[in-house]
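Structure at a glance
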Amino acid sequence: MLEIKNLHKSFGKVNVLKGIDLKINEKDIIVIIGPSGSGKSTFLRCINHLEQSNKGEILFENKPITNIDEYRQKVSMVFQHFNLFPHLNVLDNLTLAPIKLGIMDEEEAIKKARKLLKEVGLLDKQKVFPANLSGGQKQRVAIIRSMMMNPKVILFDEPTSALDPEMVNEVLELMKNLADEGMTMVVVSHEMRFAHEVATKIIFMDEGKIIEEGSPDEIYNHPKNKRLKEFLSKIG
């Protein structure tokens, strides 16, 4: 579905990504782990074309990306700090893009938004503004906003790192439900239990490169790379 070939990204003289190759197949749940500064979030932003790579190629459904707006409808992104519009209530946050882009009319968008809100227990918050939501509620709304676009892939950039500990589980539960429904996901996360339980593949990045990749069992119980072993020992 998505193929990244020899991706490089620099900021000035700092090389952040140093030749990343990755294939993402339908229904893959890929969790990217690694120390801070290893290039994980930059890699996601390049996939979503929020950052332009200096070198390399990204193919979606075996084709180069020619229309970024159309591509982002299919490859959606959920951010660490929610990125909800503060001046719009929850329902308007959810329906704005699909209506504006002509994906569905207003009646369809409202119906779908309310259905998704009900599924995650937030229907009573549809007229509430983001400032009056908890962090966990904001992130669940942000995930639903991505789902409103009918994406084929959702990219998650550390979706729980800005949350208080007691709010993390409600977001992870929604992500697990998405995985169970067959959504293709690429997740940058420090939530090791989630990675172990849900991932079809775990990728370990360090210093702008993919150092090792494999199943949760291979990564956690049979790591090959010394740097990965050190990382796992530090996180318990």
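The shown structure was predicted, so the numbers you read here are calculated from the model rather than taken from an experiment.

Over its 16 residues, helix α6 (residues 165-180) extends 23 Å from the first C-alpha to the last, a length consistent with the 22 Å expected when each residue adds 1.5 Å. Among all positions of α6, only M167, V168, V171, L172, L174, M175, L178 and A179 are buried. Along the long axis of α6, the arc covered by the buried residues comes to 155°, so they all point the same way. Structural note: α6 exposes E166, N169 and D180 on the side pointing more than 90 degrees away from its buried face. Packed against the buried residues of α6 are β3 (29-33), α5 (135-147), β7 (153-157), β8 (184-188) and α7 (192-198). Directly after α6, the chain includes G182, whose backbone phi takes a positive value near 95°.

For the structure shown, the criterion picks out eight salt bridges. Two residues, K201 and E213, come together in a salt bridge whose shortest N-O distance is 3.1 Å. One end of the pair, K201, is in strand β9 (residues 201-206); the other, E213, is in strand β10 (residues 209-214), with twelve residues separating them in the sequence. K201 gets classed as partly exposed once you look at its relative accessible area, which sits at 24%. For E213, a relative accessible area of 38% puts it in the partly exposed group. What emerges from the salt-bridge pattern is a single network uniting D206, R227 and E230.

Conventions used here
Residues numbered from 1 in each chain as written. Predicted model: local features only at pLDDT ≥ 70, side-chain atom pairs only at ≥ 80, totals over all residues. Heavy atoms only, no water. Helix = DSSP H or I, 4+ residues; strand = E, 2+ residues; numbered from the N terminus. Expected span 1.5 Å × (residues − 1). Buried < 20%, exposed > 50% of the residue type's maximum accessible area, 1.4 Å probe, protein only. Arc of directions from axis to C-beta. Contact = heavy atoms within 4.5 Å. Salt bridge = Lys/Arg side-chain N within 4 Å of Asp/Glu carboxyl O.

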